[in-house]
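In case you want the letters, here they are:
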Amino acid sequence: MARNTLARIDPDAVAHNLEIVRRHAPDSRVMAVVKADAYGHRLDLVLPALREADMLAVATIDEARAIRRLGNRQAVLLLEGVLDPSDLAIVESLGLELTLHHPDQVAMVERYGRTPAPRLWLKVDSGMHRLGVEPHRAAELHERLRALPGAPQVNLVSHFASAEDADDGLVQRQIARFDKAVQGLDGEHCLANSAAILNHPAARRDWVRAGILLYGISPLVGRTGAELGLEPAMTLEAELMAVNRVPAGDSIGYGARFTAERELRVGVVSIGYGDGYPRSVVDGTPVRVGDCVCRVVGRVSMDMVTIDLAGCPEACTGESVVLWGRGLPVETVAECADTIPYELVCRLTRRVRYRALRSRAAAEDGAAIRPISLVR
Ligand SMILES: *Cc1c(COP(=O)(O)O)cnc(C)c1O
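What you are looking at is a predicted structure, and each value in this text was computed from that prediction instead of being measured.

Take the environment of Y354 next. Along the chain, Y354 turns up in strand β18 (residues 353–356). Through-space distance from the C-alpha of Y354 to that of C316 is 24 Å; in sequence the pair is 38 residues apart. Among the polar contacts listed, one links the side chain of Y354 to the backbone oxygen of G40, at a separation of 2.6 Å.

With respect to the secondary-structure elements, T285 resides in the loop between β13 (264–269) and β14 (286–289). Looking at T285, the relative accessible area reads 0%, which means it is buried. Here V282 takes part through its backbone oxygen, which lies 2.7 Å from a polar atom of the side chain of T285. Those residues in contact with T285 that lie beyond four places of it in its chain are Y277, C294, R295, V296, V333 and C336.

All right, on to the pattern of salt bridges then. One pass over the structure, following the stated rule, counts 21 salt bridges. Close ionic contact of D54 with R22 constitutes a salt bridge, the shortest N to O distance being 3.1 Å. On the criterion of sequence distance, the pair formed by D54 in the loop between α3 (43–46) and β3 (55–58) and R22 in helix α1 (residues 11–24) is long-range, its members being 32 residues apart. With a relative accessible area of 33%, D54 lands in the partly exposed category. Here E92 makes a salt bridge to R114, at a shortest N to O gap of 2.8 Å. Residue E92 is located in helix α5 (residues 87–94), and its partner R114 is located in the loop between α6 (103–112) and β6 (119–123); the two are separated by 22 residues in the primary sequence. When its relative accessible area of 29% is taken as the criterion, E92 is described as partly exposed. Salt bridges here are not isolated pairs; linked through shared partners, they connect R3, D275, D303 and R351.

Assigned domains of the protein: these are domain 1 (11–218) and domain 2 (234–364). Here the C-alpha centre of domain 2 lies 36 Å away from the C-alpha centre of domain 1. Taken residue by residue, the interface counts 13 residues in domain 1 and 16 residues in domain 2. Linking domain 1 with domain 2 are two residue pairs in polar contact (both at pLDDT 80 or more), by the criterion used here.

So, on to the layout of surface pockets. Reported here for the largest pocket is a volume of approximately 860 Å³. Taken together, 40 residues form the lining of the largest pocket, with Y39, H159, N193, I340 and Y342 sitting closest to its centre. Those elements giving two or more residues to the lining of the largest pocket turn out to be α2 (35–40), α9 (194–199), β9 (207–210), α10 (330–336) and α11 (341–346). Looking at the lining of the largest pocket element by element, the count peaks at four residues for α10. Looking at the lining of the largest pocket, its residues break down into 20 nonpolar, 11 polar and nine charged. Composition of the lining of the largest pocket by domain shows at least three residues from each of domain 1 (11–218) and domain 2 (234–364).

Conventions used here
- Think of each chain on its own: its residues are numbered from 1, step by step along the sequence as written.
- Given that this is a predicted model, residues contribute local features only at a pLDDT of at least 70 and side-chain atom pairs are listed and counted only at 80 or more, while totals for whole chains, interfaces and linings are drawn from all residues.
- To get the side-chain values, take all heavy atoms of the structure and skip hydrogens and water.
- In this text, helices come from DSSP runs of H or I with a minimum length of four residues, and strands from runs of E with a minimum of two, each type numbered from the N-terminal end.
- Counted as a polar contact is a pair of N or O atoms within 3.5 Å, where, for protein atoms, one must be capable of donating a hydrogen and the other of accepting one, and residues adjacent in sequence contribute only when both atoms are in side chains.
- Type-normalised accessible area, obtained with a 1.4 Å probe on protein chains alone, sets the label of each residue: buried when under 20%, exposed when over 50%, and partly exposed for intermediate values.
- Only heavy atoms matter for contacts: two residues are in contact if any of them lie within 4.5 Å across the pair.
- Salt bridges are counted wherever a side-chain nitrogen of Lys or Arg sits within 4 Å of a carboxyl oxygen of Asp or Glu.
- For each domain, the first and last residues come from an automatic or database assignment.
- A 1.4 Å probe that fits into a set of points on a 1 Å grid over the protein atoms alone but cannot get out defines a cavity; an open set with protein on both sides within 12 Å along at least five of seven lines defines a pocket, and lining residues are those with an atom within 4 Å of a point.
- Grid points are joined across faces, edges and corners, and a volume is the space filled by probe spheres set on the points.
- We call Asp, Glu, Lys and Arg charged. Ala, Val, Leu, Ile, Met, Phe, Trp, Tyr, Cys and Pro are nonpolar, and the rest, Gly among them, are polar.

Structural data, given as structure tokens:
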């Protein structure tokens, strides 16, 4: 039998989370960010749940191409724009919208001779100092873009460095700097990522860019998605491959990091860092076995994790184990791994199989009973 290490993806959760985003930003249109293969949830499984999004956004041309290959014709923004002039023809043929974050990109589009996209998004660096044009150049570059053939619509974008901090002065300064830079320019505004959607009402403009919230995950440290009314879109599961006895005083796993103080029943779970489960998790990191919460003991290895089955006497070989998702917030696991949940969901490897839960709407229809898609 195939190794049962799988990510269950719940499209209904994604659709629900989009509704929650709309509740937070009722006057904004929502750009659904699906870069990095929908934050590791897989584009093909997630896009059907985002048909109601006002547009999609990705980081790279390859990601946009993947969307088109799935037959999806929704508007797509290329958040990073393009590096090479030859990419403009691809942008045009895929029908993408384009971010311009550097004067060189504006010059590149001018040389192209046509307007490559129906709508352009000029990105202003309001203080994060990653991508974006300097505020004092915004008006001039905006005017040059408006002067392109067909006088395209040119929207105005910026990005926050620390929106997860509710009373962070930098966000207010970034908003003020942006507003000053774009004063008097026509075009719609788009500032807020997930954290700003929750924390900073002044950043909810014509558009918001929602990423992590759509997957049911909290962008705010110390809060879980469930506390925000979100539903996890991914549940990562593996199974118990073996249940063993470890005598008191013996150690478990590589480097003998963990020593059993008393005799333990130890479960060996079919997932490791080779699947994307983080090697950096500490002893005591929770996993779920049925209704019990068990704890990681010993180092994560490439293919396996060892857990203490105390409190779960019924558990036996073949039993399903949840690493994160329903009943176990990925935010908690991320904390135990000293990282952010974004990284955990994005870095599952090709060894993990994906399954979409059947959509409730489809099940109720009766008409569209889809087979469970089993890919990879
Ligand atoms: C990834 C990204 C987002 C989405 O961020 P979340 O925190 O996941 O909502 C928004 N804007 C830009 C420019 C991004 O790169």
